[in-house]
Amino acid sequence: MIPLARRITAVCALGAALAACGTAGAPGPARPAHAQPAAPASPSASRPPLLSPGPGGLTPVFEHGPRTLGKTVALTFDADMTADQGPRAASGEHFDNPDLIGTLRTLKVPATIFMTGRWAEQYPAQARSLGHDPQFEVANHSYSHYAFTGDCYGLPTVGADRMRQDVERAYAALRKAGVPHALPYFRFPGGCYDRQALRALSGVGVTAVQWDVVSGDAFATDADAVTRQVLEGVKPGSVVVMHCTHSAAPTTEQVVRAVVPELRRRGYRFVKVSELIGETNGHR
């Protein structure tokens, strides 16, 4: 867990990709009328582990699991899409990456997918498939991938008075697409947050999930370089951030094919973020 006031930023390559994902307009209205203020918008039947709130009830932040409980690593993939990218998707640009998901299934690698509501609306069949596959867990990445702080790689921003609404709108979009139990985990767009953002989400009942290994897959053309960066960064309990958006991360599937067998050779076991959070709860 990292200091609550700390604002996480990724490396420049990741920042470039995130900035390219957002260009205009604020997310539309729509706090779902049935959202419950003190609980996750879409809890599962078996409640997943959460971190305890921070000082003053602030939303807790998770960066990596325990370093001393064996060689576990969580691969996470951001499914980014903004509200204004529909025309680009309609013209043939791929904000999805079915080959990557197929490779994860073939290699039997569990993973956590942080999905924007807009991505789920664009690709409901894929969202539903992921949401019903026990190999994966789906979590919240906001509705439109707009930043929750200022100065976040040029992303448009969500006002403090609309942050909670944006998260709840994303859960509503995931449910509508057929994801029955999106987890109560939230990844800030761009990895950017501050105390105001943590306070705004404190009543939603989520744990904010960051990472300790930046893959560098955003807009990368050299899969070998990305592979090296991941392998050099992974430690026991690591959370690796990658992307399942082919247009912004075209080498990721190739990277996974190289990283998975090598980490297994080194003795690592792949887990979902929920398992790392569960381990962290008993080893603070």
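Before reading on, note that the structure itself is shown above.
Quick caveat: nothing in here was measured; it's all calculated off a predicted structure.

Caption draft 1: Expanded view of the packing of aromatic side chains. The tally for this structure, following the rule as stated, stands at five aromatic pairs. When the ring of W119 is compared with that of Y123, the centres are 5.0 Å apart and the planes differ by 50 degrees; the resulting orientation is tilted. Both residues of the pair, W119 and Y123, belong to the buried class. Centre to centre, the rings of F148 and F186 are 5.3 Å apart; their planes meet at 55 degrees, and the pair counts as tilted. Placement of F148 in the loop between β4 (136-140) and α6 (163-177) and of F186 in strand β5 (residues 185-186) is noted, with a sequence separation of 38 residues between them. Of the two residues, F148 and F186, neither departs from the other in class, the shared state being buried. A network of ring pairs unites the aromatic residues F148, F186, F188 and Y193 as a single cluster. Directly above the ring of Y143 sits R169, whose terminal nitrogen or CZ lies 3.8 Å from the centroid. Taking NZ or CZ as reference, R187 lies 4.1 Å from the ring centre of F114, over its face.

Caption draft 2: Structural detail: the pattern of salt bridges. Scanning the model with the defined rule gives nine salt bridges in all. Residues participating in the shared-partner salt-bridge network are E262, R265 and R266.

What counts as what
For every chain, the first residue of the written sequence is number 1, and numbering continues from 1 onward in sequence order. Note on the predicted model: pLDDT of at least 70 is required for a residue's local features to be given, and 80 or more for side-chain atom pairs to be given and counted; whole-chain, interface and lining totals, by contrast, use all residues. Calculation of side-chain values draws on the structure's entire complement of heavy atoms; hydrogens and water are dropped beforehand. We call Phe, Tyr and Trp rings a pair once their centres come within 6.5 Å, taking the six-membered ring for Trp, and we label the pair stacked below 30 degrees between planes, edge-to-face above 60, and tilted otherwise. Partly exposed residues are those whose accessible area sits between 20% and 50% of the maximum for their type, while under 20% is buried and over 50% is exposed, using a 1.4 Å probe and protein chains only. Numbering of helices and strands runs from the N terminus, with a helix taken as a DSSP run of H or I at least four residues long and a strand as a DSSP run of E at least two residues long. Definition used: whenever NZ (Lys) or CZ (Arg) falls within 6 Å of the ring centre and also within 35 degrees of the ring normal, the charge is taken to sit over that ring. Throughout this description, the term salt bridge denotes a Lys or Arg side-chain nitrogen within 4 Å of a carboxyl oxygen of Asp or Glu.

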